[in-house]
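Fold and geometry: a report
The lines below spell out each chain.
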Amino acid sequence: MLALGGPVFGSPVLAREMPEAGAVEAQVQRKPRVVILATGGTIAGAGADAANSATYQAAKVPVDKLIAAVPALGNVAEVRGEQVFQIASESLTDADLVTLGKRVSVLLKRDDVDGVVVTHGTDTLEETAFFLDLTVRSDKPIVVVGSMRPATALSADGPLNLLDAVTVAASREAAGKGVLVTMNDQIHAGRDVTKRVNVVPSAFASQWGPLGMVVEGKTYFFRSSVKRHGTTSEFDIEAIDALPLVAIVYGSGTMYPGAYRAAVEAGAGAIVHAGTGNGSVAGYLVDTLKDIRAKGTLIVRASRVGDGIVLRNAEQPDDTYDWVVAHDLNPQKAKILTAVALTKTRDTRELQRLFWEY
């Protein structure tokens, strides 16, 4: 029973507490807000002719034109762009990675940003995606996207890839899944994905398979990565101002020991040995790598083989030599994790733990 003299519906007190109908409607209808950070690459490339799909100059089209070329972006999200770099991705440096990571982190802390898309050249796209996965402590969607054909090509794949990337970044289902890569209608984990072909739109694949797909503007997720990333990562881009130098030496028959010593002389804090098979080390190289490790440079055994896992203490007695194995990470991703790890530790047991967990 309503007490006499108490507040009643429609009273000024309750009216002030109730939000205006227009505000509620605006909140319900508000589109996700996505920032596109452009770095250059083929997705911003231009060829001399529309028939040129593999011959072109990268990093020519600015971000505003990339956005204007895909009007459908406005149906998915409130989109704005920033030009962070305008370079081909093979020219990106560790310093550029840190600059990009810090900008992504700053944006995702803002209440008016729901997700970030990074347009990127495909040559080193996988390294950047993994770096952001390790160091940006946010569960908001981060999507890295590129294209295999320039914007001027008759069969350009960039516009749809970009639309898919914004669709994923605007999707609630993408939150907390780590950095994602959208290429050729597929959604990949930034940790897993790698470029396997250099001239076709279906160039990117993941050893453990994609996480999902984008079909006609809708995201479909089928699995998630079990590795640490985002807010579960122990690394933070805000505490990283530079990355230590890590070198990769590619394995083959008739190796040259001087390549390893040259890396040490250049100041490398660690060397990733991209070995054959199970990260194999030729017998005539073992003493060289043992000596380099004894003098302080870390040795990480990875494999030049596209898929698989480097097994610890299989090809070599890693415990005895104090070496680390890269687990299922390819050499270029092993380099990224090692460099990030070296900002906190040089202990090989800790580094091996990180390769198990990330």
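All values reported here derive from a predicted model rather than from experimental measurement.

A word on the sheet that holds strand E6 (residues 186-189). Sheet architecture is open: eight strands sit in the order E2-E1-E3-E4-E5-E6-E9-E10, paired in mixed fashion. Each edge of the open sheet is held by one strand with a lone partner, namely strand E2 (78-87) and strand E10 (218-221). Here the strands of the sheet are splayed against their neighbours by 25 degrees on average, with no regard to which way each runs. When strand E3 (residues 115-119) meets strand E4 (residues 142-145), the two strands line up parallel, connected through four bridges. Each bridged residue has a counterpart across the sheet, and for Val-116 the counterpart in E4 is Ile-142. Strands in contact with helix H5 (residues 94-108) are strand E1 (33-40), E2, E3 and E4; relative to E2, the strand with the most contacts, it is inclined by about 165 degrees. Running over the sheet, helix H6 (residues 125-135) touches E3, E4 and strand E5 (180-183) and is turned about 170 degrees from E4.

What follows deals with the sheet that holds strand E11 (residues 246-250). Pairing is parallel in the open sheet, where four strands are placed in the order E11-E12-E13-E14. Both outer strands of the open sheet, E11 and strand E14 (324-325), are each paired with one neighbouring strand and no more. Direction of pairing for E11 relative to strand E12 (residues 270-275): parallel, over a ladder of five bridges. By the bridge assignment for E12, Ala-247 is matched with Ile-271.

For any two helices packed against each other, one specifies the crossing angle of their axes together with the interaxial distance. At a minimum axis separation of 9 Å, H6 and helix H11 (residues 331-341) run at an interaxial angle of 35 degrees. Handedness of the H6/H11 crossing: right-handed. Here H6 contributes Glu-126, Glu-127, Phe-130, Phe-131, Leu-134 and Thr-135 to the contact with H11, which in turn contributes Gln-332, Lys-333, Ile-336, Leu-337 and Val-340. By residue class, the composition of the contact of H6 with H11 is six nonpolar, two polar and three charged.

What counts, and where the lines are drawn
- Residues numbered from 1 in each chain as written.
- Predicted model: local features only at pLDDT ≥ 70, side-chain atom pairs only at ≥ 80, totals over all residues.
- Heavy atoms only, no water.
- Pairing = 2+ DSSP bridges.
- Helix = DSSP H or I, 4+ residues; strand = E, 2+ residues; numbered from the N terminus.
- Axes fitted to C-alpha atoms, helices over the stretch in contact; angles between N-to-C directions.
- Contact = heavy atoms within 4.5 Å.
- Left-handed = near helix turned anticlockwise from the far one by under 90°.
- Nonpolar A, V, L, I, M, F, W, Y, C, P; charged D, E, K, R; others polar.

Nothing here speaks to function; it is all geometry.
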